[in-house]
Amino acid sequence: MRNVVIGFLGTQLDMGKRREWRPSVQLCQHPGFPVDRLELIHDGRHYHLACTVAAAIGSIAPETEVRLVNIDMKDPWDFQEVYGKLYDFAASYGFDEDRERYHVHLTTGTHVAQICWFLLTESRHVPARLVQTGPPREGGDPQGTLDVIDLDLARYNALQRRFEAARRDHSALLLGGVETRSEKLQALVERLDLVAGSTDAPILLVGEAGTGKSALATRLHELKLVRRRVKGRLVQVNCATLGDSALPALLGQRRAGPGNDRPGFLREADGGILFLDQIDALPPEAQAALLQVLETGRYCPVGTEAEVSARLHLIASAGLDPGALLRSGRLRPDLHARLAQWQFRLPSLRERREDIEAHLLHLVAETERLLDRHTGFNADALARYLRFARDPATPWPGTLRDLQASALRMAVLAERGRVTLAMVGAEIATLTGQWAAMAADPDADLLAEVLPAAVVLDEFDRVQLAAVIRACHESGSMSAAGRRLFAVSREEKASANDADRLRKYLARFGLDWAAVASPRDDGAARRPLTTGTSPPSRPRASATTRPARR
């Protein structure tokens, strides 16, 4: 494959006045680097010098073909002109990489030309490697030095290892120092690292409460500081707490009298990051103002028409899928379109149970500073807790918040610094009790108030009976309740007796009007309603039974 070198004529160095070494000439003398063709770029003013250099090359390296390429430049130090001329040269050159290997000679030409060569080769507009030559060193080869620089960084193992190490460090920073085995989360973090390090566009974090959106926003700020994307601080705002004052809180407010101005969150986050948690809680007018800031970088504080600039990065979060927020009208479509460019959904703890052990041990270790003691698990206790935590039936409704609270409880109660099997059993009971209270069934609670004993019903009967009892609570008499419940079917009957129909329906469950007319207030304890087979003492209510029609 033929070696082709492209380079500028050195209007000073190639004259050879300061020293005998002339870079364009000696370039063609290196035995380990044969030059089959040299494209020597010059302007019209130095044509004769170019011819002299070509003749000198022909005398010492007759096998090298020298082509004189005339490119006139008014100002060789003007970046726009030099880059434009070299770009046009590259576009019309007709590179043939199957037959020729190309190099760009950096030693000659202005510093601006060297920068332009670098940009064009790095972007592959010129498919070449860089060549740097130097004068002879004492005791070295008379033709001087020659170094070939390949901008394909993947070829440099040491650099590649450094890049990989930096990427791992950034991923560890975003993960809070907790290793993950979740491929989904690892892919999210790697992509988020690329986005945060290369663009200032808004980032939208979506996920259930407790998935770590606020903590991730803090780590993104740290990463942007490390990557020198921002210099200012992180301003965190929970939009759900702003209420009617959202607009002045966001934009700031000019008030009469000195010292009464309200700066606003946009001003406080200038040069840094503004994190808007639960952005869908912002009222529509505040969302519109925020959109204007994102699109123009300017806004007017409340109470003035004087515009001010905003230089900040925005991170927003939402607990629900943005599509649901759009359909419900809680998020403006135009603002969503601006935020949706970089949207990241954080998986819940239920979706990455393989990470529970790492998070648990990390959280327990963090309590060392708080409690001033080290806490660890007995082997059987840790195994028992992980079996419970990883069980698909364990809901973790609060995701990481639940796990954090659980780890802190066990660490505090482990007086001797060891979490035992008995402590884990008590903690599991605490968690399941809390989750059961959160998942209370209002229908079951209502039925437990009126039924004289635990009754086992099919799910269909549970829902229907609860609806009937609610209607009875809200009606003044059995007839009124019957008219409400049977308003449609009454039209089909020749003789309507709604109260009798309701009485017969309630009797199937051992109930009468006195039992369901109002909620029980006697404080009698009731066992929770369950599903399954009815007790022998009472006929089982059929799943298909409807109130009898007459």
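As a starting point, this report considers the structure included with it. Quick caveat: nothing in here was measured; it's all calculated off a predicted structure.

### Description of the sheet that holds strand 7 (residues 203-206)
Two strands in a sheet stick together by hydrogen bonds in their backbones, pointing the same way (parallel) or opposite ways (antiparallel).
Right, on to step 1. The strand order 8-9-12-7-13 describes an open sheet built from five strands, whose pairing is parallel. The sheet terminates laterally at strand 8 (234-238) and strand 13 (343-345), the two strands that pair on one side only. Each strand axis lies, on average, 15° off the axis of its neighbour in the sheet, ignoring direction.
Right, on to step 2. In this sheet, strand 12 (residues 313-318) lies alongside strand 9 (residues 273-277) in parallel orientation, the contact comprising four bridges. The residue of strand 12 that forms the bridge with L276 is A316.
Right, on to step 3. In this fold helix 7 (residues 213-226) packs onto strand 7, strand 8, strand 9 and strand 12, with an angle of close to 170° to the strand it touches most, strand 9.

### So, the packing of helix 18 (residues 459-473) against helix 20 (residues 498-507)
Right, on to step 1. The geometry of helix 18 relative to helix 20 is characterised by a closest axis approach of 12 Å and an angle of 130° between their N-to-C directions. Judged by the inter-axis angle, helix 18 sits oblique to helix 20. As for how helix 18 packs across helix 20, the hand of that crossing is left-handed. Only L502, Y505 and L506 of helix 20 make contact with helix 18, whose side of the interface consists of Q464, L465, V468 and C472.
Right, on to step 2. Of the residues contributing to the contact of helix 18 with helix 20, the split by class is six nonpolar, one polar and no charged.

### Focus on the side chain of T64
Right, on to step 1. Relative to the helices and strands, T64 resides in the loop between helix 2 (47-60) and strand 3 (65-70).
Right, on to step 2. In contact with T64, other than residues within four places in its own chain, are C28, V35, D36, L38 and I57.

What counts and how
- Residues numbered from 1 in each chain as written.
- Predicted model: local features only at pLDDT ≥ 70, side-chain atom pairs only at ≥ 80, totals over all residues.
- Heavy atoms only, no water.
- Pairing = 2+ DSSP bridges.
- Helix = DSSP H or I, 4+ residues; strand = E, 2+ residues; numbered from the N terminus.
- Axes fitted to C-alpha atoms, helices over the stretch in contact; angles between N-to-C directions.
- Contact = heavy atoms within 4.5 Å.
- Parallel < 35°, antiparallel > 145°, perpendicular 65-115°, else oblique.
- Left-handed = near helix turned anticlockwise from the far one by under 90°.
- Nonpolar A, V, L, I, M, F, W, Y, C, P; charged D, E, K, R; others polar.

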